Amino acid sequence: MSTKAYINSVIESVKKKDPAEHLFHQAVEEVLITLEPILAAQPKYKENAILERMVEPERIITFRVPWVDDKGAVRVNRGYRVQFNSAIGPYKGGIRYHETVTLATLKFLGFEQTFKNSLTGLPMGGGKGGSDFDTRGKSEGEVMRFCQAFMSELFRHIGQFTDVPAGDLGLGGREIGYLFGQYKKLTNQYTGVLTGKGLDFGGSLIRTEATGYGLVYFAEEMLKIRNDGFKGKVCVISGAGNVGVHTAEKLLHLGAKVVGFSDYDGAVYDKDGLTEEKIAYLKDLVFVKRGSLKEYNKKFEKAEFYAGKKSWFIPCYAAFPTSRENELDENDAQTLVKNGVKAVCEGANMPCGPKAIEVFRKNKVLYAPGKASNAGGVGTSGLEMTQNSIRLSWTREEVDAHLNKIMKNIHNACVNAYMEYGADGDYMLGANIAGFKKVADAMIAQGVV
Ligand code: GLU
């Protein structure tokens, strides 16, 4: 059987086993098809059934999360933890709270996380958890009670040397605080079992900024080796959450002009570009007031708000999707290309659909896949774990320097892998192969377990 046929047979068996899990199929397919050169060159991976083992999570936990809302009514959600791969370290990955969360979402995210964590160079396996619970529209008390109920089951499956969850979509510092409090109460232990904690109880400086900053560090490297940079470049972002706002901030520091961003309600086109003042306003609007971008042009009147639109119609040199999976489709990609986009750097997990990626590749747009370019968040989680273990807190400058180094190393790992196995500039193949190799070799060394 040819390597291609073998890869296809593994993809087909994944589809056959769980036919409804489309997001997971997409993530698996995206990775496996790029592994052909390394699988062909090194038969040991097929002989050890590494692909077959990698697409099967080591363990999946699902559980009932009953809680009481403010009216006294009993509500029930479903909780999950997918412990995907522990070959190179304890399971590590965020928890997502969103109404769309299903097992397929978390299998796709856990699979991605395994490769991403491997790329960071730190000893972290892959995992992901979540619930179909949405914090939007819930009171403080409801969010707290839900987090406590969620942890009342999760605590028995996690631990600083077993599985270390963090935040993801819909789950930020507030929720991590409640989850940590409940874990501590139930176990009577004060350990670094969660990352993204508050600075007063074991959190790391820069963790909040890390995914956005890291994304820009990666993109900067991508341009730098092509004798280019961000100074004066027009950039557009989707999303205005933690990743989006900090991406904008770092781009601004590098002299770029950020003219577009978006949220659930629509897109902002601010032709004058973001400034420190506008970023400070955005941070307050999004993180403190939990408000909507609809408010933005009430304050900055020259900006335009496009209700219900994504930001991809805005012409730019570089685009940064930081929102969520499949947010950028084939049409969006064509519009971006028509408007002259040169680089697309993913700040979210799998935000570009497969057809959009095809459009970018065909048009020689530099494409940075999320598992490489958004790894700064989990990379800094790894730094938080280190600080917790040695019971020290590093300064902002120290953490930022580590983060910068991690992103440069990931970039180099991608380049080395695409030079060895693919074509110049193929970051997708580079990231997948570099991420795969370390996990696969560790699995082989540890035997059939
Ligand atoms: N949810 C983030 C990610 O997708 C962070 C995970 C973590 O810090 O463990 O990488």
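Residues numbered from 1 in each chain as written. Predicted model: local features only at pLDDT ≥ 70, side-chain atom pairs only at ≥ 80, totals over all residues. Heavy atoms only, no water.

Enquirer: Honestly, the side chain of serine 292 in this entry has me stumped. Any pointers?
Expert: Considering the arrangement of structural elements, one finds serine 292 in the loop between helix H11 (276-288) and helix H12 (296-299). Of the polar contacts made by the side chain of serine 292, one reaches the side chain of aspartate 265; its length is 2.6 Å. A distance of 3.0 Å separates the side chain of serine 292 from the backbone nitrogen of lysine 294, its partner in a polar contact. (Helix = DSSP H or I, 4+ residues; strand = E, 2+ residues; numbered from the N terminus. Polar contact = N/O pair within 3.5 Å; in protein donor to acceptor, adjacent residues only side chain to side chain.)

Enquirer: Looking at this structure, how should I read the environment of lysine 92?
Expert: Tracing the backbone through its elements, the reader meets lysine 92 in strand E3 (residues 91-97). Residue lysine 92 is classed as buried on the basis of its relative accessible area, which comes to 1%. Each C-alpha atom of the pair lysine 92 and valine 14 lies 23 Å from the other, and the pair is 78 residues apart in sequence. (Buried < 20%, exposed > 50% of the residue type's maximum accessible area, 1.4 Å probe, protein only.)

Enquirer: Teacher, can you tell me more about the site of the ligand here?
Expert: In the region of the ligand, 13 residues are neighbours, and Lys92, Lys116, Gly167, Asp168 and Ser381 sit closest. With respect to the ligand, the side chain of lysine 92 contributes an N or O atom lying 2.7 Å from an oxygen atom. In the model, a nitrogen atom of the ligand is placed 2.9 Å from a nitrogen or oxygen of the glycine 167 main chain. In the complex, 93% of the free accessible area of the ligand, which totals 300 Å², lies under the protein chains. When contributions to the shell around the ligand are tallied by element, the ones reaching two or more residues are E3, helix H6 (103-119) and helix H16 (376-390). Per element, the largest residue contribution to the shell around the ligand is 3 residues, and it comes from E3. Residue composition of the shell around the ligand, by class: 2 nonpolar, 6 polar and 5 charged. (Near = heavy atom within 4 Å. Areas by Shrake-Rupley, 256 points an atom, 1.4 Å probe, with all protein chains shown as cover. Nonpolar A, V, L, I, M, F, W, Y, C, P; charged D, E, K, R; others polar.)

Enquirer: Help me understand the packing of helix H9 (residues 210-224) against helix H10 (residues 242-253), please; the structure alone is not making it clear to me.
Expert: To characterise two packed helices, one gives the angle between the axes of the helices and the distance between these axes. Relative orientation of the contacting elements H9 and H10 amounts to 45°, with a least axis distance of 7 Å. Judged by the inter-axis angle, H9 sits oblique to H10. Judged by the twist between their axes, the crossing of H9 over H10 is right-handed. The segment H9 lies against H10, with Thr211, Gly212, Tyr213, Leu215, Val216 and Tyr217 engaging Val243, His246, Thr247, Glu249, Lys250, Leu251 and His253. Residue classes in the contact of H9 with H10 are distributed as 6 nonpolar, 5 polar and 2 charged. (Axes fitted to C-alpha atoms, helices over the stretch in contact; angles between N-to-C directions. Parallel < 35°, antiparallel > 145°, perpendicular 65-115°, else oblique. Left-handed = near helix turned anticlockwise from the far one by under 90°. Contact = heavy atoms within 4.5 Å.)

Enquirer: What's the story with the environment of aspartate 332 in this structure? I'm lost.
Expert: Relative to the helices and strands, aspartate 332 resides in helix H13 (residues 330-338). Setting aside anything within four residues of it in sequence, one finds aspartate 332 in contact with Lys310, Trp312 and Glu327. Engagement of the side chain of aspartate 332 in a polar contact is seen with the backbone nitrogen of aspartate 329, the distance being 2.9 Å.

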